[in-house]
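One-letter residues, chain by chain:
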Amino acid sequence: MTSADKQPLDDLPAATTPINGTKSSSGKKKPKAHNKEVTPTSVTQPPTGQASLPLARVKRIIKLDEDVRACSNSAAFAVTVATEMFIQYMCEQGLHMSRSDRRKTLHYKDLANAVHKLDELEFLSGKYNICNV
């Protein structure tokens, strides 16, 4: 190795950047992206080993059904993930309804309109009176 190959460590670019991404590799601060609109697809994440809903509470709700004698942890986890996916889908559809009214805020009437207009959510309209706005 020659002396030309040796560089002081201060002259080398940074090998890592902070996790929050506020600095670039040159050490200069990047401008933060404020007012970035969050779309439903940008929030979607594949299921991991953890659920957002409390698994113990979901198991307790499952055990309230008289037809269920026991529920394994994997079955309760599957129900939890399916419930989270349903809530996300329902909120996305309600968000589409609010955007059609040129609003950014999700209201109950947006969810009720989604139930009323979408065949996939029609099962909520009868017994639960979701469509009454």
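Just so you know, these numbers come straight off a predicted model, no measurement behind them.

Visitor: Would you take a moment to explain the overall build of the protein chain for this structure?
Guide: Looking only at helices and strands, the protein chain has 4 helices and 0 strands in total. Traced from its N-terminal end to its C-terminal end, the protein chain shows the element sequence α-α-α-α. Long-range pairs, those at least 24 residues apart, make up 37% of the contacts in the protein chain with a sequence separation of at least 6. In the form shown here, the protein chain has an accessible surface area of approximately 11,100 Å², with 54% of it arising from carbon and sulfur atoms.

Visitor: Explain the environment of Ala78 here, please?
Guide: Relative to the helices and strands, Ala78 is located in helix α3 (residues 73-100). Sequence-wise, Ala78 and Ala51 are 27 residues apart; in three dimensions their C-alpha atoms are separated by 9.5 Å.

Visitor: Explain the environment of Ile61 to me, please; I cannot follow it from the model alone.
Guide: Topologically, Ile61 is positioned in helix α2 (residues 55-63). On the basis of relative accessibility, which here comes to 54%, the residue Ile61 falls in the exposed class. Distance from Ile61 to Ala76, taken between C-alpha atoms, is 9.9 Å for residues 15 residues apart in sequence.

Visitor: Please explain the packing of aromatic side chains as it appears in this structure.
Guide: Aromatic ring pairs are described here by two measures, namely the spacing of the ring centres and the angle between the planes. Taken as a whole and assessed by the stated rule, the structure comprises 1 aromatic pair. Aromatic pair Phe86 and Phe123: ring centres 6.1 Å apart, planes at 45°, arrangement tilted. In this pair, Phe86 sits in helix α3 while Phe123 sits in the segment after α4 (108-117), placing the two residues 37 residues apart along the sequence. Residue class for Phe86 comes out partly exposed when judged on its relative accessible area of 33%. Looking at Phe123, the relative accessible area reads 51%, which means it is exposed.

Visitor: Explanation requested: the packing of α3 against α4 in the structure shown.
Guide: Two quantities define a packed helix pair, namely the angle between the helix axes and the distance between the axes. Where α3 meets α4, the closest approach of the two axes is 8 Å, and the angle between their N-to-C directions is 100°. Judged by the angle between their axes, α3 and α4 are roughly perpendicular. Where α3 approaches α4, its residues Met90, Cys91, Gln93, Gly94, Met97 and Ser98 are matched on the opposing element by Asp110, Leu111, Asn113, Ala114, Val115 and Lys117. Residues belonging to the contact of α3 with α4 are distributed by class as follows: 6 nonpolar, 4 polar and 2 charged.

Cut-offs and rules
- Residues numbered from 1 in each chain as written.
- Predicted model: local features only at pLDDT ≥ 70, side-chain atom pairs only at ≥ 80, totals over all residues.
- Heavy atoms only, no water.
- Helix = DSSP H or I, 4+ residues; strand = E, 2+ residues; numbered from the N terminus.
- Contact = heavy atoms within 4.5 Å.
- Areas by Shrake-Rupley, 256 points an atom, 1.4 Å probe, with all protein chains shown as cover.
- Buried < 20%, exposed > 50% of the residue type's maximum accessible area, 1.4 Å probe, protein only.
- Phe/Tyr/Trp six-rings, centres within 6.5 Å; stacked < 30°, edge-to-face > 60°.
- Axes fitted to C-alpha atoms, helices over the stretch in contact; angles between N-to-C directions.
- Parallel < 35°, antiparallel > 145°, perpendicular 65-115°, else oblique.
- Nonpolar A, V, L, I, M, F, W, Y, C, P; charged D, E, K, R; others polar.

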